[in-house]
Amino acid sequence: MSKNTVTITDNRTGKSIECPIKDGVHGPSVIDSRNLYKELELFTFDPAFVTTASCESKITFIDGEKGILLYRGYPIEQLAKNSSYLEVCYLLLYGELPTEDQMKNFRGSICQHTLLHEGLSNFYKGFQHDAHPMAMLVGVVGALSGYYPDAMDIKNPEHRNMSAIRLIAKLPTIATRIHKYLIGQPYVYPRNSLDYVSNFMYMMFSRPTMDYEFNEKANRALEIMLILHADHEQNASTSTVRLAGSSQAHPFSCVAGGIATLWGPAHGGANEAVIRMLHNIGHSRNIPKYIDRFKDKNDPTRLMGFGHRVYKNYDPRATIIRESCHGLLKDLDMSQMPLFETAMELERIALEDDYFIERKLYPNVDFYSGIILSALNIPLNMFTVMFSVARTVGWVSQWMEMMNEPDLKIGRPRQLYLGNSRRDYIPMDKR
Ligand code: ACO
């Protein structure tokens, strides 16, 4: 019997199957259970994919126990310190850090595609003034495929690359237009002489009536936030993009699916939920009362921005963004901001509380990202849109990797059926 296998025996029938164990470069090995149904007529049961590796990937690695996050092998700490968001985009998409020439060309391609088809403006106008920006983002990104029919062949690698570039280039324009639409200000067109982050801030905050002043420290804080959120392997939204893509749907609609998934408060919506929670808590003196609620199983309220499915020690992104957050508030002279003081006190109390210690619940990246975004004057309802802008590169990189697989199959999970057994139809007058 080979050492690199797991034997699974059905004790009801005595039938066995040897499943190969496959090793990755890092992380737990996996049991290749693909023949289980064919040989033993059994499925594996793993709701919420707690212990299921759904694909092979070379993009991002996370060690949740040790708090490690690598993009294409590079530690997130080094990228956050030294890299730009666009350089990280190149790395995630193509696997290597770019040379100067490659970076120049990549930047040039992104700049060529920052404009939106003018017809999309009419699409915006269909939304009510109080629409949630995430509802608009799902809709507008989903609609993109109707405006760019020239690169619709997902089997053509050049078309795939074009779609990836378009998404990364257009997301800031789409996102800032949502904000401008909702506050009733004129849209600001992209200025391609600016870098990616400055261009975002310019489209978000400038007005035709006055000059816009850039703040380098604010831009860098935003850039770090975008880098930290760029990819996170097979999380809920990325898995949604892959599953949609496995049916050979167009990447714009797959990414719209990813955005919809990210919106939930258990995922990307947490950054917005953290700030709402801090507003509800109000003053630090109310924290103990709220901590009791977070621990109460009969109360659905959770401590938002705490806990993670994978990180059970600490979230390395939280460590970086915490520092960036402190630095930014100091630079902007906002350290005394009551919201921030409440957040720091809440973090301190929770980290000393047995409930959170025993369950290995630590602050995740969203505990701090909301505070940074607040300090940058980004409106609360735009927070998850910001996360979507950052994560778009992760979604398209994962989609491109999947589309390059030679034997791509449609994703199709199975189920454990617990409903009624077969029964006969009863006419209405006899029920
Ligand atoms: N507050 C209070 N209790 C919590 C929290 C929390 N934030 N998170 C987990 N718990 C408790 C659960 O009640 C459970 O307790 P029990 O064992 O006594 O039943 C235990 O910790 C394990 O929790 P699960 O829900 O099983 O953990 P899971 O891995 O499924 O959930 C999740 C992870 C969704 C992130 C969860 O911790 C959570 O809801 N956190 C708050 C929302 C949040 O911050 N989301 C952002 C995630 S990061 C991201 O998407 C960028």
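Here the structure is a predicted model, which means the values were calculated and not measured.

Chemist: For this particular structure, what's the right way to read empty space enclosed by the protein?
Modeler: A water-sized probe rolled over the atoms picks out the places where empty space is left. Overall, the coordinates contain two cavities of 30 Å³ or more when judged by the stated rule. Estimates place the volume of the largest cavity at around 110 Å³. The wall of the largest cavity is formed by 15 residues, among which Ile-110, Thr-114, Leu-194, Tyr-196 and Asn-199 lie closest to the centre. Listed by contribution, the elements that provide at least two residues to the lining of the largest cavity are α4 (100-112), α7 (157-183) and α8 (196-205). A breakdown of the residues in the lining of the largest cavity according to their chemical character gives eight nonpolar, four polar and three charged. In this structure, the second largest cavity encloses a volume near 30 Å³. In this structure, the second largest cavity is lined by Gly-307, His-308, Tyr-311, Asn-313, Tyr-314, Asp-315, Tyr-362, Pro-363 and Asn-364. The class makeup of the residues in the lining of the second largest cavity is four nonpolar, four polar and one charged.

Chemist: Explain the environment of Leu-79 to me, please; I cannot follow it from the model alone.
Modeler: Looking at the secondary structure, you find Leu-79 in helix α2 (residues 76-82). The class of Leu-79 is buried, set by a relative accessible area of 4%. The residues touching Leu-79, leaving out its near neighbours within four places in the chain, are Tyr-71, Tyr-74, Val-88, Leu-91 and Ile-227.

Chemist: Is there a simple way to think about the nonpolar core in this case?
Modeler: The tendency in soluble globular proteins is for nonpolar side chains to be buried side by side. The biggest cluster of nonpolar side chains holds 116 residues, and the ones touching the most others in it are Ile-174, Met-277 and Leu-346. Per element, the largest residue contribution to this core is 13 residues, and it comes from helix α18 (residues 383-403). Once residues lying within four places of it in the same chain are set aside, the contact partners of Met-277 are Phe-294, Arg-302, Leu-303, Met-304, Leu-346 and Phe-367.

Chemist: How should I be thinking about the packing of aromatic side chains in this particular structure?
Modeler: Where two aromatic rings form a pair, the distance of their centres and the angle of their planes describe that pair. If you walk through the whole model with that rule in mind, you get 13 aromatic pairs. Note on Tyr-90 and Tyr-94: the rings are 4.8 Å apart at their centroids and 65 degrees apart in plane angle, and the pair reads as edge-to-face. Within this pair, Tyr-90 and its partner Tyr-94 are both found in helix α3 (residues 85-94), separated by four residues, close to a single helical turn. Judged by centre distance (5.9 Å) and plane angle (75 degrees), the rings of Phe-306 and Phe-356 are edge-to-face. Taken together, the residues Phe-306 in the loop between α13 (287-295) and α14 (316-331) and Phe-356 in helix α16 (residues 354-358) connect sequence positions 50 residues apart. Neither Phe-306 nor Phe-356 differs from the other in exposure class; each is buried.

Rules behind the numbers
Residues numbered from 1 in each chain as written. Predicted model: local features only at pLDDT ≥ 70, side-chain atom pairs only at ≥ 80, totals over all residues. Heavy atoms only, no water. 1 Å grid on protein atoms, 1.4 Å probe; cavity = no way out; pocket = protein on both sides within 12 Å on 5 of 7 lines; lining within 4 Å. Points joined across faces, edges and corners; volume = space filled by probe spheres on them. Helix = DSSP H or I, 4+ residues; strand = E, 2+ residues; numbered from the N terminus. Nonpolar A, V, L, I, M, F, W, Y, C, P; charged D, E, K, R; others polar. Buried < 20%, exposed > 50% of the residue type's maximum accessible area, 1.4 Å probe, protein only. Contact = heavy atoms within 4.5 Å. Core = buried A, V, L, I, M, F, W, Y, C linked by side-chain atoms within 4.5 Å. Phe/Tyr/Trp six-rings, centres within 6.5 Å; stacked < 30°, edge-to-face > 60°.

The values are spatial; any link to function lies outside them.
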